[in-house]
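Here are the chains, one letter per residue:
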Amino acid sequence: QVQLVESGGGLVQPGGSLRLSCAASGFTFSSYAMSWYRQAPGKERELVAAISAPGGTTIYADSVKGRFTITRDNTKNTVYLQMNSLKPEDTAVYYCKTTRSGTDYWGQGTQVTVSS
């Protein structure tokens, strides 16, 4: 079955960096677009970044453009989110997602806290 496992979250000071990873299994990873979402307390889940199956096309939320980079390694079935210049408003639980045959699959999430 489809499984997505995020890692790499933690506590970081403003201006710091983190790299999130999402390890995928149970499907042909290289054939599907992948995305990162986040959900802050009391807010709706929002799209942060997405990447096409081959990896050549990416999109970003305006709030993270120029600071975050989404990449993927199809040999490792893993998608990454490099987050630089982190701000307190980036604090959230970060989830990776894929859609297969019309069904969305989500990981369990990883907490990112940006605070001094």
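The coordinates are above.
Residues numbered from 1 in each chain as written. Predicted model: local features only at pLDDT ≥ 70, side-chain atom pairs only at ≥ 80, totals over all residues. Heavy atoms only, no water.

Brief notes about the overall build of the chain
Thinking step 1. Counting its secondary structure elements, the chain contains zero helices and 11 strands.
Thinking step 2. Listed N to C, the secondary structure of the chain is β-β-β-β-β-β-β-β-β-β-β in terms of helices and strands.
Thinking step 3. Its C-alpha radius of gyration of 13 Å places the chain within 12% of the 13 Å reference for a compact globule of 116 residues.
Thinking step 4. With the C-alpha coordinates of the chain rotated into their principal frame, the extents come out at 40 × 25 × 20 Å.
Thinking step 5. Looking at the 116 residues of the chain, the share that counts as buried comes to 41%.
Thinking step 6. Contacts in the chain between residues at least 24 apart in sequence constitute 52% of all its contacts with a sequence separation of at least 6.
Thinking step 7. When the accessible surface of the chain is summed, it comes to about 6,000 Å², and 46% of that surface belongs to carbon and sulfur atoms.
Thinking step 8. Side chains of the chain carry 11 positive and 8 negative charges; the gap between the two charge centres is 4 Å. (Helix = DSSP H or I, 4+ residues; strand = E, 2+ residues; numbered from the N terminus. Rg over C-alpha atoms; globule rule 2.2 N^0.38 Å. Buried < 20%, exposed > 50% of the residue type's maximum accessible area, 1.4 Å probe, protein only. Contact = heavy atoms within 4.5 Å. Areas by Shrake-Rupley, 256 points an atom, 1.4 Å probe, with all protein chains shown as cover. Lys, Arg positive; Asp, Glu negative; His and termini not counted. Charge placed at Lys NZ, Arg CZ, Asp CG, Glu CD.)

Considering the packing of aromatic side chains
Geometry of an aromatic ring pair is reported as the spacing of the ring centres plus the angle between the planes.
Thinking step 1. Inspection of every chain in the model, using the stated rule, returns four aromatic pairs.
Thinking step 2. Residues F27 and Y32 carry aromatic rings whose centres are separated by 5.7 Å and whose planes lie at 75 degrees to one another, so their mutual orientation is edge-to-face.
Thinking step 3. Here Y37 and W106 contribute two aromatic rings whose centre-to-centre distance is 5.0 Å and whose plane-to-plane angle is 70 degrees, an arrangement assigned as edge-to-face. Of this pair, Y37 sits in strand β4 (residues 34-39) while W106 sits in strand β10 (residues 103-106), placing them 69 residues apart in sequence.
Thinking step 4. Accessibility expressed as a relative area gives 34% for W106, which makes it partly exposed.
Thinking step 5. One aromatic cluster in this structure is built from F27, F29 and Y32.
Thinking step 6. The ring of Y95 carries the charged tip of R45 above its face, separated from the ring centre by 3.8 Å.
Thinking step 7. Directly above the aromatic system of F29 lies the positively charged group of R72, at a separation of 4.3 Å from the ring centroid. (Phe/Tyr/Trp six-rings, centres within 6.5 Å; stacked < 30°, edge-to-face > 60°. Lys NZ or Arg CZ within 6 Å of the ring centre and 35° of its normal.)

Some details on the pairing of strand β1 (residues 3-7)
Thinking step 1. On β1, burial follows the alternation: L4 and E6 on one face are buried, whereas Q3, V5 and S7 on the facing-out side are not.
Thinking step 2. Note that β1 and strand β3 (residues 18-25) share five bridges and pair antiparallel. Residue pairing across strands places E6 opposite C22, the latter belonging to β3. (Pairing = 2+ DSSP bridges.)

Here's the deal with the environment of S35
Thinking step 1. As for its position among the elements, S35 is in strand β4.
Thinking step 2. Given the relative accessible area of 7%, S35 is considered buried.
Thinking step 3. Along the chain, S35 and L81 lie 46 residues apart, while their C-alpha atoms are 9.4 Å from each other.
Thinking step 4. Sequence-distant contacts of S35, defined by excluding residues within four places in its chain, comprise L47, A49, A50, I70, Y95, C96 and K97.

Some details on the side chain of R72
Thinking step 1. Relative to the helices and strands, R72 resides in strand β7 (residues 68-73).
Thinking step 2. Although R72 is buried, it makes no salt bridge; D73 carries the closest opposite charge, 8.3 Å away.
Thinking step 3. A polar contact is formed between the side chain of R72 and the backbone oxygen of F29, at a distance of 2.8 Å.
Thinking step 4. R72 has contacts with F29, S30, Y32, A33, M34, I51, S52, A53, G55, T78 and V79, leaving out every residue within four places of it along the chain. (Salt bridge = Lys/Arg side-chain N within 4 Å of Asp/Glu carboxyl O. Polar contact = N/O pair within 3.5 Å; in protein donor to acceptor, adjacent residues only side chain to side chain.)

Regarding the nonpolar core
Thinking step 1. Core analysis: the largest hydrophobic core is formed by 28 residues, its most contacted members being W36, L81, M83 and Y94.
Thinking step 2. Mapped by element, the contributors of at least two residues to this core are β3, β4, β5 (46-51), β7, β8 (78-83), β9 (92-100) and β11 (110-114).
Thinking step 3. Counting residues per element, this core draws most heavily on β3, which supplies four residues. (Core = buried A, V, L, I, M, F, W, Y, C linked by side-chain atoms within 4.5 Å.)

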